[in-house]
Each structure stands twice: as C-alpha cells, then as structure tokens.
Amino acid sequence: MTAATQGDLSTLTSKELHHKIVNKDISVMELVELFLNRIEQYDPQLNAYITVVQDKARAQAIEVDNKIRSGELNHPLAGVPYALKDLFCTKGILTTCGSNMLRNFKSPYDATVYDKLNHAGAVLLGKVNMDEFAMGSSNENSAFGVVRNPWDTSRVPGGSSGGSAAAIAAGLAPYSLGSDTGGSVRQPASYCGISSIKPTYGRISRYGMTAYASSLDQCGPMARSAEDMALILQTISGFDVRDSTSANMPVPDYSATLNEPLTGLRIGIPKEFFADGLDAGVAKVINEAVEQFKRLGATVKEVSLPNSHLSVAAYYVIAPAEASANLSRFDGVRFGHSCDAPTNLQDLYERSRWEGFGDEVKRRIVIGTYALSSGYYDAYYLKAQKIRRLIKNDFVAAFNDVDVLMGPVTPTTAFKIGEKSDDPIAMYLGDIYTLPISLAGVPALSIPVGFSDNLPVGLQIIGDYFNEAKLLNVAHQYQQVTDWHRQSPIAFSGV
Amino acid sequence: MSENSLEEFEKVSCSVQITPDTIVKVAHLARLAIPENRVYSYTLIIGDILNLVAQMNAVNTDGIEPLLNPLDATQLLRADEVTETNQRELYQSVAPRVEEGLYLVPKVIE
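Residues numbered from 1 in each chain as written. Chains lettered and ligands numbered in written order. Predicted model: local features only at pLDDT ≥ 70, side-chain atom pairs only at ≥ 80, totals over all residues. Heavy atoms only, no water.

Draft legend 1. Representation of the pairing of strand β4 (residues 176-180) of chain A in the model. Residue and element names in this part refer to chain A. For β4, the buried fraction is high: five of the five residues fall into the buried class. Burial along β4 is two-sided: the face carrying S176, G178 and D180 and the face carrying L177 and S179 are both buried. Where strand β2 (residues 81-85) lies against β4, two bridges are found, and the strand directions are parallel. Each residue of the ladder has a partner; that of A83, found in β4, is S176. (Buried < 20%, exposed > 50% of the residue type's maximum accessible area, 1.4 Å probe, protein only. Helix = DSSP H or I, 4+ residues; strand = E, 2+ residues; numbered from the N terminus. Pairing = 2+ DSSP bridges.)

Draft legend 2. Seen up close, the side chain of B:N69. Considering the arrangement of structural elements, one finds B:N69 in the loop between α3 (36-53) and α4 (88-92). By relative accessible area, which is 14% here, B:N69 ends up buried.

Draft legend 3. Examining the nonpolar core more closely. Residue and element names in this part refer to chain A. Membership of the largest hydrophobic core comes to 174 residues, with the highest contact counts inside it found for Y49, F133, F293, F395 and I461. Among the elements that make up this core, the one with the highest residue count is helix α10 (residues 311-326) (10 residues). Excluding anything up to four places from it in sequence, F395 contacts L305, L405, P436, I437, A440, V442 and I462. Membership of the second largest hydrophobic core comes to 10 residues, among which are W151, A169, V185 and A189. (Core = buried A, V, L, I, M, F, W, Y, C linked by side-chain atoms within 4.5 Å. Contact = heavy atoms within 4.5 Å.)

Draft legend 4. Region of the structure containing the packing of helix α8 (residues 226-236) of chain A against helix α16 (residues 468-481) of chain A. Residue and element names in this part refer to chain A. Their axes nearest at 8 Å, the elements α8 and α16 cross at an angle of 155 degrees. Considered as vectors, α8 and α16 are oriented roughly antiparallel to each other. Taken together, the residues of α16 that come into contact with α8 (itself represented by A226, E227, M229, A230 and L233) are E468, L472, A475, H476 and Q479. Looking at the contact of α8 with α16 residue by residue, the class counts come to six nonpolar, two polar and two charged. (Axes fitted to C-alpha atoms, helices over the stretch in contact; angles between N-to-C directions. Parallel < 35°, antiparallel > 145°, perpendicular 65-115°, else oblique. Nonpolar A, V, L, I, M, F, W, Y, C, P; charged D, E, K, R; others polar.)

Draft legend 5. Broad picture of the interface of chain B and chain A. At the interface, 54 residues of chain B touch 68 residues of chain A. When residues of chain B are sorted by the area they lose upon contact with chain A, B:M56, B:L67 and B:P70 head the list and together hold 12% of the total. Summed over the shared surface of chain B and chain A, the number is four salt bridges. A salt bridge links B:E84 to A:R242, with the nearest nitrogen and oxygen atoms 3.3 Å apart. (Buried area = accessible area lost by both parts, 1.4 Å probe. Salt bridge = Lys/Arg side-chain N within 4 Å of Asp/Glu carboxyl O.)

Here it is in structure tokens:
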C-alpha cells in the first residue's frame, strides 16, 4: 500500500471504510494494521491513547474478517476500528479513567456499549486519554499527561473526551465513544473539528461507564460525519436492565431519516448564546453556518433561554455533589490505589484518596461534600435543582415554537495548553453554552462549520427530548452541501 | 424551603467566606488527607467557586419543584430475583489486599 493511500484511508468515514471491507478493497486486518501504524507514528506527538491493544485488535480482526466472509456478520460497523474513552469498562484491558487511582485497574466486566460494539464486529484499537474521571474541559487533568490538539499542538483538544477528539481528527481512529456530563463530547469535537452527539439523558446504557454525575452523565458517539453518528447511535442505544436510568423507549432508525429535506425547518437562535463573551471570529463562522441552513430551506427566528446564564452556577453544585457521592467508592480497600503502610482504617481511606485523586477531582469532591453537608443542602443542592427546573422549562418553551436550536458550542476556539490550568473558574465559564443542554437533559450535537484563525469552530444543534433523528438529519443535510467535516490537519496526513 | 433552611440559606448567600477550618472539616468528611500546606490554597479556590455558584441566590425559586431527573423519571425496580452468580475471586482479583476471600484492612478493634 502506498503512503498516499494510507493517508487517504485514515480520513474516510466509518461507513466508507465498511464499504471498502465489504467490496474486498481492504481486509479488516489491513485496516487495523494501518491504524496501529499511524498510532505508533503520530501518537507520541498527541498523547491521545493511554492503552493500545495491538494483539487483541489483530485477533479480533481475523475473527471479523472470517465472519464477514462467511456472511455471519453484516452489521454496518463490522470491521471498522474504533477507540473507547478510558472510562468504559473493558474486561482484561486497563480502564484508568485518566487517574492514578485506577492506573493498574482492569475491570472484571464489560460496559454494555462495548458489548454491543463487539457483537456488531467493531474492532477496538485502544483506550483513549481523558480528563481524570471526566472532570475538565481541556484534557490537562489527566494523570497520563495532556493531550494535544492535532490542528495546533500547542493547544488543548478540549475535554473531557480530548483523547477521543484528537485521535479522530488526526486519523488515529475513525470514531470513538466519549461521555458528556457538561459538554465533554461536544466541546472537544468543536475544538478538534469533528462531529459528536450527546443524546438525550437515558438514551444509551451507562452500565460500565464510570460514573461522574449520575443525573447528567450520558455516553456520546464522536465521529467524522452525522451519517456515522447515526450508525453508532443505532448500535449502542436502547434500554438496558443493568442501567435503571436508561430510557425504555424505542430506538428509531436514525439512518432512515437522514435524507429528509430541511424545507420548512424552524431554527431558533437563543439570543443568550450570542451575548458578550462570544469571540467575534466564532460568531462570524456560526452566523455563516446558519445562513447555509436558510439556503437549505429553513426559517430562522430569535428565541430566549432566559435562565441559561445560571447554568454554570447550578452545574458546579450538582455535578460536584453527585461526584462526591459517586467517588466515595474509592476507599483503598476493594480496588484502585491503596496507600502504603496505613496506620488505621481512617488513614487508609484518607491517604489512599489524597494520593490517588488529582487536584481537580479533589476540588470537586470538596465542593460537593460541602454542598451536601449538614445545613447547606437546601442552600446549594436543592437550590441548584430548582434552577435546573427553570433551565429545563426554558427549553420546553422554546421547542413549542421551533424544531431545533442552533448556536456556538464554545465562546472561543481551542486555547493554549496551560492558559487556563491555574484558573478553574475561567475554565468553568467556558462551558456556558453546553451546560444548559446537559442540565435540561435534551440532546445536542456538534459539527464542524468552519475555521477562525485556522482553528476549527463547531456549531451546536439542540433538539427536543429523544429527537436525535432530527438532529442527525439536520447535520447530515448540512454535510451534504459543505465539506468542513472532510478537513484534516495537514501535519497528520501522511503515512 | 423550611424556615430553618431559609436562615441557613441567607447566611450562606450573604457571605461565602470559607475558613481554613471549614476546609479541614470538609476534607475529613470527604476522607481526604489534606496536608497542612495545601489548606490555604484550597480555602481560596473553594471560596472562589462558592462565590461563582452564589449567582443562584439572585433568583427567586419559591414554589419551584426541584428537578431530580431530567426526564422526571422515577427509580425503576427490578424483580427480586437472583441474576448474578458468585464471582468473588474475579471481583477480589482487583483488590489491593485480600486473604482467604476476605478484604484486609488495618485493625479496627483493639
């Protein structure tokens, strides 16, 4: 295979790769080798992968090649390699959550989404880097080091699913599963120029997805196109008896409605998302994207989400409070880091946790513990849940008048590594456009719609509860008439 | 919101002044062995974060139903049936210290 061909293949969508496998243009094994080679060559510059499972990937490639040849396997993702954010449990493979607490942890069971992808014949390449326990917006909070943005390696890829976004952008995996609690698939997708979707809360089983904030967490596909996201979402969605928060709702055929025309689509533009704080270069790109939708037949009107400015405050109570409870399972006794020579049980708990967790995780545990402590519950957690109701009501009202909402994913493009790492408040404020969606629990996706100063800009498209099909249709129609999702960083375009 | 909690609420909303003593107390509740030389920096940053979240206090939420679950779903319960087999050895294979099927911890009873 020539150098140019390898480079080309690494920029294809999952759907295109699957077609090449079915047409016998390439075998699953050749495809796996191609991505393993690229990871070996390029990942030292990016640090996207924590674990690469070469042997398992090759063994699985042989099996899947055989099953496709015999006709036993015809799933549209069969044979297509992918990467998992390192918080999905994978039996016999490290699951670190980007933390020293789980540096050597191998889960005794598989996450439901991993199980479903295995059944589909998808081939796991490895586990990708993330902010520790999914807490962060820059991927600088990983015990395994910062991940670099393939468009400019002096900049962050975003977070917390930064490894997933960087790997896809650089052609080190065609797709990945991330998780989104406050924007963790949408923001890195925007910074790295790829597509991602945070489905409705409860759409995908979280069994085996390490918990951060249980009333917010949701798994999210990250990929090269809306069409790929439809295939992935189709494969992993649905009710799971092992996750009591998964929604018992039918899963529609997401690919079937991708080609519906957008004539008459009613787009709402939340005016609060275009107020002070939005970078002028980002605003320009977003406005141009909205114009494109008008040309596709959509109508556009301004709407208001009057309580969205409260989302940062409410989120940074609710998420830490739930995190402090979820992370209490790390006690140095049953699994994870355990301190040396504990003098008593208290010492075992306190030192194991102090040594095992990084700074941002400890900050959020302290905030959450404070907010839930005696005398403060009503003033913080309960108050935040009431604000959350107001934020949800804003979305419910908006969707009475429009089909989807559109706006920026983030106020700026990717920032420099180290620029905000000493200022958590500045980092939190950057989540302003993704947090309202998370608090309301509605679905939203991010697609690349242009560049500002040579850095990718993502458009956020927000839908009503369980209306992922509409979001994917809208995004797909845009990607039929534009090629922003086809752009790849030149530095990673070779063999 | 009850009268008592309203008092607490006003106390908090007036002054998000976190003291080093509070940080030590909360760290203990969270089972985190915070070293003395980190207490001050934690006090500052936690204070800053609490001032950020104090924005919530500007909004009257009287009579608003708290949102516990974005779908307003209630907890599902499964049938009380045995669905898992005993996999103690597998689950204990990831534990730091085990002996004869038991987790080992420092002595708690003298």
